[in-house]
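Geometric and topological summary
Take a look at the letters that make up each chain.
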Amino acid sequence: MGFRFTVGMHMRTIRSGYIWILLVGLGNLTGLTWAGCLDAGKCCKNRDMNCTSQGWRIDRVYGTCFCDQACNVMGDCCYDYTQACPARSCIVGEWGHWSGCADPCTPAIRVRKRQVEQEQENGGDPCPPLEEKAGCLQYVTLEGNECGHSHVPAFITTFDYNRSRKRRTLSANWASHKENSGYCVEFQVKSLSQQCLIESRPHARWMQYLREGYTVCVLCQQPAFNIRNHRCNGDGLDSDRAKLLHWEAVGNPQCRGTWKKVKEGEKCSCPSVHSFIFT
């Protein structure tokens, strides 16, 4: 197959060459000028009605031919357009450094940019995006104080896991090796994804007890503590009751939603099916 394809390509090239030879010969006999972009010294951008020459076109019609970028689309380029105006693809440089967050402790957008080193010309490949954006959240103020914890999603799992979870290996960074009983946070579920309601795997059926409008209790225990502040990430620290907070179920990242913090206390008072733990 490859041999026949190669031969076919050579035959088409040879036939095309014969046609051009015949056209040249015809031009010599009839006095037609064999001119083009090179002879005219033209190579123009976009569509330029003055960027023309007289000679053979790429569609093998003799007459006015063009030497502008639009001739490829219009099909009226001079026969030597690709030699006179070779295609040049856009070339860009390396990405610059990411910008910083606009405000500490507040979700924002950071940006990085790159520059064009060679513009696209004559039908070459266009430039790729020159700007890229990404989410940004800075957890420390300019004074060095921690912040932004209310924007971190809470990762939760069933309260039954509490019975088998091993105590976290204590580190020298802990203020005390004394067991901390933790605290409980009550939330009112405001929204949740459909994946929570259809979860049927035995180890994940607890997700079906998450319902919009329900009040749930989430226990924060020492194994889930942030080692810096002895708090659980996503517990809504310092957030008011009007703020929507985000949560995600461990074991099914598609099961997620929002809730509002109701109160915080030493112990949980919700039914077991509506009690969960931070992980």
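An account of the accompanying structure is given in this report. Model, not experiment: these values are computed from the prediction.

Let us now look at the overall build of the protein. Counting secondary structure elements, the protein contains six helices and 12 strands. The buried share of the protein, taken over its 279 residues, is 33%. Across the protein, the fraction of contacts at a sequence separation of at least 24, relative to all contacts at a separation of at least 6, is 64%. Carbon and sulfur atoms provide 53% of the accessible area of the protein, an area that totals close to 17,200 Å².

Another aspect to go through is the sheet that holds strand β10 (residues 244-249). Strand order in the closed barrel formed by six strands is β7-β10-β11-β8-β9-β12, with mixed pairing between adjacent strands. In this sheet, adjacent strand axes meet at a mean angle of 45° when their direction is disregarded. Across three bridges, the pairing between strand β7 (residues 154-158) and strand β12 (residues 275-278) is antiparallel. Note on β12: the bridge partner recorded for Thr-157 is Ile-277.

So, on to the layout of surface pockets. Computed from the structure, the largest pocket encloses a volume of approximately 200 Å³. What lines the largest pocket is a set of 13 residues, and nearest its centre among them are Thr-158, Asp-160, Trp-206, Tyr-209 and Ser-272. Its residues assigned to classes, the lining of the largest pocket comprises six nonpolar, four polar and three charged.

Let us now look at the nonpolar core. Membership of the largest hydrophobic core comes to 24 residues, with the highest contact counts inside it found for Ile-156, Phe-187, Leu-210, Trp-247, Trp-259 and Phe-278. With four residues, strand β8 (residues 183-192) is the largest single contributor of residues to this core. Counting 11 residues, the second largest nonpolar core, distinct from the first, contains Cys-37, Cys-44, Cys-51 and Phe-66.

Under the defined criterion, the tally for this structure stands at 12 salt bridges. One salt bridge in this structure joins Arg-112 and Glu-132, with 2.7 Å as the shortest N-O distance. Residue Arg-112 is located in strand β4 (residues 108-113), and its partner Glu-132 is located in strand β6 (residues 131-136); the two are separated by 20 residues in the primary sequence. A residue is classified by how much of its surface remains accessible, and Glu-132, at 30% relative accessible area, is partly exposed. One salt bridge in this structure joins Asp-235 and Arg-231, with 2.7 Å as the shortest N-O distance. By relative accessible area, Asp-235 is classed as buried at 1%. Through salt bridges that share partners, Arg-231, Asp-235, Lys-261 and Glu-264 make up one connected network.

Attention now moves to the pairing of strand β11 (residues 256-265). Looking at chain direction, β8 and β11 are connected through eight bridges and run antiparallel. Residue pairing in the sheet places Gln-188 in a bridge with Lys-260 of β11. As paired strands, β10 and β11 are joined by five bridges and run antiparallel to one another. Residue pairing for β11: Glu-248 is matched across the bridge by Arg-256. If you look at the hairpin formed by β10 and β11, you'll find six residues sitting between the two strands, and Gly-251 has a positive phi there, around 105°.

Moving on: the side chain of Asp-80. Relative to the helices and strands, Asp-80 resides in the loop between α3 (71-74) and α4 (81-84). In this structure, Asp-80 is buried with no salt-bridge partner, the nearest side chain bearing the opposite charge being Arg-57 at 12 Å. A polar contact of 3.1 Å, which involves the side chain of Asp-80, links it to the backbone nitrogen of Leu-38. For Asp-80, the contacting residues outside a window of four places in its chain are Gly-36, Cys-37 and Leu-38.

Reading guide: rules and limits
Every chain's residues receive numbers from 1 upward, in the order its sequence appears when written. Note on the predicted model: pLDDT of at least 70 is required for a residue's local features to be given, and 80 or more for side-chain atom pairs to be given and counted; whole-chain, interface and lining totals, by contrast, use all residues. Excluding hydrogens and water, the side-chain values take into account all heavy atoms of the structure. In this text, helices come from DSSP runs of H or I with a minimum length of four residues, and strands from runs of E with a minimum of two, each type numbered from the N-terminal end. Residue exposure (1.4 Å probe, protein chains only): buried if accessible area is under 20% of the type maximum, exposed if over 50%, otherwise partly exposed. Note on definitions: a residue-residue contact is assigned when non-hydrogen atoms from the two residues lie within 4.5 Å. Only the protein chains shown count as covering a residue, and every accessible area follows the Shrake-Rupley method with a 1.4 Å probe. By definition, two strands form a pair when at least two bridges between them are found by DSSP. Lines fitted to C-alpha atoms define the axes, with helix axes restricted to the stretch in contact, and inter-axis angles between N-to-C directions lie between 0 and 180 degrees. Two kinds of site are reported from a 1 Å grid over the protein atoms alone, namely cavities, where a 1.4 Å probe fits but cannot get out, and pockets, open sets with protein on both sides within 12 Å along at least five of seven lines, and residues are called lining when an atom falls within 4 Å of a point. Grid points are joined across faces, edges and corners, and a volume is the space filled by probe spheres set on the points. Three residue categories are used. Nonpolar comprises Ala, Val, Leu, Ile, Met, Phe, Trp, Tyr, Cys and Pro, charged comprises Asp, Glu, Lys and Arg, and polar comprises the others, including Gly. For our purposes a nonpolar core is just a set of buried Ala, Val, Leu, Ile, Met, Phe, Trp, Tyr and Cys residues, chained together by side-chain atoms within 4.5 Å. Any Lys or Arg side-chain nitrogen found within 4 Å of a carboxyl oxygen on Asp or Glu counts as a salt bridge. Residues scored as charged are limited to Lys and Arg (positive) and Asp and Glu (negative), so that His and the chain ends carry no count. Here a polar contact is recorded for every N or O atom pair within 3.5 Å, except that within protein the pair must consist of a potential hydrogen donor and a potential acceptor, and residues adjacent in sequence are included only if both atoms are side-chain atoms.

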